[in-house]
Amino acid sequence: MRYSKILGTGGYLPEKVLTNHDLEKMVDTTDEWIVTRTGIHQRHIAADDENAVTMAEQAGRVALEAAGLKPDDIDMIIVTSTTPHMVFPSTACLLQERFGISGCAAFDLNASACAGFMYGFSIADQFIRSGMIKHALVIGSEVMSRVVDWTDRSTCVLFGDGAGAVVLGPTAEPGVLSTHLHADGKHKDVLYLPLGNNRTPNLESVKMMGNQLFKLAVNILGDLFDETLEANQMQKSDIDWLVPHQANIRIIQAMAKKLELPLDRVVTTLDKQSNTSSASIPLALDEAIRDGRIQRGQLLLMEGFGGGLAWGSALVRY
Ligand code: COA
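Residues numbered from 1 in each chain as written. Predicted model: local features only at pLDDT ≥ 70, side-chain atom pairs only at ≥ 80, totals over all residues. Heavy atoms only, no water.

Engineer: Mind laying out helix α3 (residues 52-67), listing which residues take part and the relevant values?
Structural biologist: Over its 16 residues, α3 runs 22 Å from end to end, which matches the ideal 22 Å to within 8%, given 1.5 Å per residue. Every buried residue of α3 is listed here: Ala52, Val53, Thr54, Met55, Ala56, Glu57, Ala59, Gly60, Ala63, Leu64 and Ala67. Residues of α3 that are buried make contact with β1 (3-12), α4 (91-99), β6 (136-143) and β7 (161-171). Two or three places before Val53, at the opening of α3, Asn51 has a side-chain oxygen 2.8 Å from that residue's backbone nitrogen. Following α3 by one or two positions, Gly68 adopts a phi angle in the positive range, close to 70°. (Helix = DSSP H or I, 4+ residues; strand = E, 2+ residues; numbered from the N terminus. Expected span 1.5 Å × (residues − 1). Buried < 20%, exposed > 50% of the residue type's maximum accessible area, 1.4 Å probe, protein only. Contact = heavy atoms within 4.5 Å. Polar contact = N/O pair within 3.5 Å; in protein donor to acceptor, adjacent residues only side chain to side chain.)

Here you go:
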């Protein structure tokens, strides 16, 4: 049997930090409201000369170094981004050029925003398992600050910028045990980002029905955990770490409760980073690996959900 495993991770956060107190001066909100309802204290904001490509490069280089690989060892680059630098060439192709490599498969994947990383991770896993490729670089890179309406207090307090990267490679022992992907387009109206017009694809800003989305997320993710554990004949008690999408601390707490996991077994970064959409899971993974919390051999449950709705999980022996 051939499996894929995580060989290295990397992350990048822009230097500029926007705190809740900064936001108090921009919209009718308070630090107390944001912290109580979301758990977010601050977010990072990309500089004018940064974009999804530059951030992906930073995170990708760190992940490659951690994996002990060079750019030309990579057989496939997948960038999950809803805020790409261009419609085309893809962020992945622009990144390939920055890495000074050519020939390997490179594409962007927009699986409805925040779920994107789980989709990219799953695709990379399938290609490695099947023997089609050896090494894949999967990067979530998002400049959410450019697609939120900075006058809309119900959305602008939630999002931030950053990039997270994972290098996957082949192994005889699992590795990635299973991945599970789903979508349901009937919930298209709870979270969406329209194009301004189709001839010149200038984006509008994120629209969200926060309350409905919150309830959907809690129900969907609960079922997703059951499915993931059942597929591997594992119990909640087998899980060492939950590495969740970072949308809201109350959703994360509900997920920890569902899994009967203490909160110190859940990787949480949204207090400092907010919701970086498809970058949030690899950023959280990278932080917990680098600070030594996540150790080789431990069992990780990763999950993401976002507009579409689309959602996905992976059970991974790190
Ligand atoms: N500051 C102060 N008040 C705010 C506010 C802000 N930044 N944003 C909204 N409010 C107000 C609303 O206007 C509303 O006021 P009203 O009762 O006078 O109409 C009130 O707070 C409550 O709004 P509500 O939407 O019911 O709050 P909530 O408890 O559902 O929390 C979210 C709002 C957005 C934090 C929460 O619904 C959420 O996190 N949802 C999921 C979002 C998500 O996961 N998004 C990303 C998916 S990938």
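Read on for the rest.
Engineer: Explain the site of the ligand to me, and be specific about the residues and the numbers.
Structural biologist: The environment of the ligand is formed by 23 residues, the closest being Thr29, Arg37, Arg153, Asn211 and Asn248. A distance of 3.4 Å is found between a nitrogen atom of the ligand and a side-chain nitrogen or oxygen belonging to Trp33. Every element with two or more residues in the shell around the ligand is listed here: α2 (31-38), α6 (153-156), α7 (210-231), α8 (249-258) and β12 (299-306). In terms of residue count, the dominant contributor to the shell around the ligand is α7 (4 residues). Its residues placed into classes, the shell around the ligand shows 10 nonpolar, 9 polar and 4 charged. Viewed by domain, the shell around the ligand spans two of them, domain 1 (3-171) and domain 2 (176-317), each represented by three or more residues. (Near = heavy atom within 4 Å. Nonpolar A, V, L, I, M, F, W, Y, C, P; charged D, E, K, R; others polar. Domains from an automatic or database assignment.)

Engineer: Requested: an account of the nonpolar core, with residues and values cited.
Structural biologist: Among the nonpolar cores identified, the biggest contains 43 residues, and Val206, Ile239, Leu242, Leu259, Leu301, Phe305 and Leu309 are the most heavily contacted of them. If you list the elements that add at least two residues to this core, you get α7, α8, β12 and β13 (310-317). Lining this core are residues from two domains, each supplying at least three of them: domain 1 (3-171) and domain 2 (176-317). Once residues within four sequence positions are removed from consideration, Leu242 is found in contact with Phe225, Met255, Ala256, Leu259, Leu261, Arg265, Val266, Val267, Leu301 and Glu303. Counting residues in hydrophobic clusters, the runner-up holds 33 residues, among them Ile6, Val176, Ala284 and Ile294. (Core = buried A, V, L, I, M, F, W, Y, C linked by side-chain atoms within 4.5 Å.)

Engineer: Pulling in residues and values, what's your account of the side chain of Ser122?
Structural biologist: Position of Ser122 relative to the elements: it lies in helix α5 (residues 116-129). For Ser122, a relative accessible area of 5% corresponds to the buried category. Residues within four places of Ser122 in sequence aside, it is in contact with Thr179 and Leu181.

Engineer: I'd like to hear about the sheet that holds β7, residue by residue, with values.
Structural biologist: Strand pairing in a sheet is mediated by backbone hydrogen bonds. Such pairs are either parallel or antiparallel. The strand order across the open sheet built from 5 strands is β1-β7-β6-β4-β5, with neighbouring strands paired in mixed fashion. In this open sheet, the two edge strands, each paired with only one partner strand, are β1 and β5 (105-109). Strand-to-strand twist in this sheet, taken as the mean axis angle between neighbours without regard to direction, amounts to 20°. Two elements, strand β4 (residues 76-80) and β6, share 5 bridges in a ladder whose sense is parallel. Across the sheet, the residue bridging to Thr80 is Gly140, located in β6. Lying over the sheet, α3 contacts β1, β6 and β7, oriented at roughly 125° with respect to β1. (Pairing = 2+ DSSP bridges. Axes fitted to C-alpha atoms, helices over the stretch in contact; angles between N-to-C directions.)

Engineer: Before we move on, could you go through the packing of α3 against α4 and cite the residues and values that matter?
Structural biologist: Taken N-terminus to C-terminus, the directions of α3 and α4 make an angle of 60°; their axes are 10 Å apart at the nearest point. In this view, α3 runs oblique relative to α4, as classed from their interaxial angle. For the element pair α3 and α4, the recorded crossing hand is right-handed. For the pair α3 and α4, the contacting residues are Ala52, Val53, Thr54, Ala56, Glu57, Gly60, Arg61 and Leu64 in the first and Thr91, Leu94, Leu95, Arg98 and Phe99 in the second. The class makeup of the residues in the contact of α3 with α4 is 7 nonpolar, 3 polar and 3 charged. (Parallel < 35°, antiparallel > 145°, perpendicular 65-115°, else oblique. Left-handed = near helix turned anticlockwise from the far one by under 90°.)

Engineer: I'd love a proper account of unusual backbone geometry, names of residues and values included.
Structural biologist: Residue Gly175 follows Pro174 across a cis peptide bond; omega there is 10°. The omega torsion of the bond from Gly308 to Leu309 falls at -15°, within 30 degrees of zero and hence cis. Residue position: Leu309 is located in the loop between β12 and β13. The phi dihedral of Ser274 is positive, around 60°, even though this residue is not glycine.

Engineer: Got a sec to walk through the packing of α7 against α8? Specific residues and values, please.
Structural biologist: One way to put it is that α7 packs onto α8 with a least axis distance of 10 Å and a crossing angle of 30°. The angle between α7 and α8 places the two elements in the roughly parallel class. Handedness of the crossing formed by α7 with α8: right-handed. Every residue of α8 that contacts α7 at Phe214, Ala217, Val218, Leu221, Gly222, Phe225 and Asp226 is listed here: Arg250, Ile251, Ala254, Met255 and Lys258.

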